[in-house]
Amino acid sequence: MAKLRIILAETEEKVLQALEFKLLYELRDNAELEVISNADYFREFFSTQQRADILICGQMMFSHDLRRHDINKIFMLSEGGPSDTESEAGVEQVNKYSNPNIIIDQILKGTNLRQKNSEPITVLIYSANGGTGKTTVALGICAAMAKDYKQVLYINAERINTFQNRLHGSANIPNSMIKELMHPGEDIYQRIKHIIRKDGFDYLPPFSVAISSMGLSFSMYEKIALSAKNSRDYDVIVIDTDSVFDENKASLITKSDRVFVVLNQTKTSVFATNALLSNMNSADSSKFFFICNAYDSKKENAILSKDVVPRFTVSENIAYIEDAENMELGQLAMHNDVQKTAYLMI
């Protein structure tokens, strides 16, 4: 079988790298992939007649002249806004901030080249101090991934659950299940999956009181998450945890596939994040991501200050959203920065 020729062209580095990685993983030796990141080179490249099976190009690079080339299918990576290219024959528009797996699904549809059974991942959402909007970010990310047709399980791994006020259902975990949770084994998810609820995405219901009052160990959350991962029922298991750092939290950090540390641009938040990082190794940039929530370019930014030198690099900013705590999760999921943060997970 002849190899597909695929041309991937995009100026935004994060988007380009994520799609290149996914295409290389999915296609292996079944395609020739050419990657272009420079707009001037892209124009020069297409100044001569080209042939390709698939062209994936950013909106800023797109031109109607591309249709003059021998290209079977053109995908334009849009930034989410409307475009008059949507109705053009042979041109399909894809939101470039969608989950990369969803983009690749759409691009490779009908080629029978995708690798099967991608591994589920666990993502820990963590903050070094309270008040960063961590849970709002975690729930928004879950809603965004669910809108991109991902199977998501949200676990609020806090000593006292308060997340339920953001969801439409507020029923607690039945008392009859507490005994099961006191002795969680490798099959704990299978034993409790019937109590999992859905509100756009799946979630473990809250406990009515602090878990210590019920005789439950915090390590229970880790066992539920890993058991759910092994079940392969979900693409992503999101674990939203409190700011306590102890041996249980260290274990959860170690065993999670991704760790998102949410902070604000205040001195307090930057200092607390630095203090947290002095207790763990966060050098793996493919695992650790730092999200600045409620970012406001008009306010003082301690991340850029010389007073408190950060021991981290911000992966993504989520701009300040007025009344975010009272916003419907479906609305929050449509926010551009939330979608971009969700796409970092894969």
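Residues numbered from 1 in each chain as written. Predicted model: local features only at pLDDT ≥ 70, side-chain atom pairs only at ≥ 80, totals over all residues. Heavy atoms only, no water.

### Some details on the sheet that holds strand β8 (residues 197–198)
Within the open sheet, the eight strands sit side by side as β8-β9-β7-β10-β6-β11-β12-β13. Their pairing is mixed. For this open sheet the edge positions go to β8 and β13 (316–319), each flanked by a neighbour on one side alone. In this sheet, strand β12 (residues 288–295) lies alongside strand β11 (residues 258–263) in parallel orientation, the contact comprising five bridges. Looking across to β12, one finds that Phe260 is bridged to Phe289. Sitting on the sheet, helix α4 (residues 134–147) is in contact with β6 (121–126), β7 (152–157), β10 (236–241), β11, β12 and β13, with an inclination near 170° to β7. Sheet strands touched by helix α8 (residues 247–255): β6, β10, β11 and β12. Its angle to β6, the strand with the most contacts, is close to 135°. (Pairing = 2+ DSSP bridges. Helix = DSSP H or I, 4+ residues; strand = E, 2+ residues; numbered from the N terminus. Contact = heavy atoms within 4.5 Å. Axes fitted to C-alpha atoms, helices over the stretch in contact; angles between N-to-C directions.)

### Digging into the packing of aromatic side chains
To describe a pair of aromatic rings, you give the distance between the ring centres and the angle between the ring planes. Inspection of every chain in the model, using the stated rule, returns eleven aromatic pairs. Ring plane angle 55° and centroid distance 4.8 Å describe the contact between Phe42 and Phe46, whose orientation is recorded as tilted. The class of Phe46 is buried, set by a relative accessible area of 10%. When the centroid spacing of 6.1 Å and the interplanar angle of 75° are considered together, the rings of Tyr189 and Tyr234 count as edge-to-face. Here the residue Tyr189 occupies a position in helix α6 (residues 188–192), and Tyr234 occupies one in the loop between α7 (219–231) and β10, the gap between them amounting to 45 residues. Here Tyr189 matches Tyr234 in class, with each residue buried. Among the aromatic residues, those joined into a ring-pair cluster are Tyr41, Phe42, Phe45 and Phe46. Seen from the ring of Phe218, Arg159 lies directly overhead, with NZ or CZ sitting 4.1 Å from the centre. Note that Lys340 overlies the ring of Tyr97, its terminal NZ or CZ placed 5.1 Å from the centroid. (Phe/Tyr/Trp six-rings, centres within 6.5 Å; stacked < 30°, edge-to-face > 60°. Buried < 20%, exposed > 50% of the residue type's maximum accessible area, 1.4 Å probe, protein only. Lys NZ or Arg CZ within 6 Å of the ring centre and 35° of its normal.)

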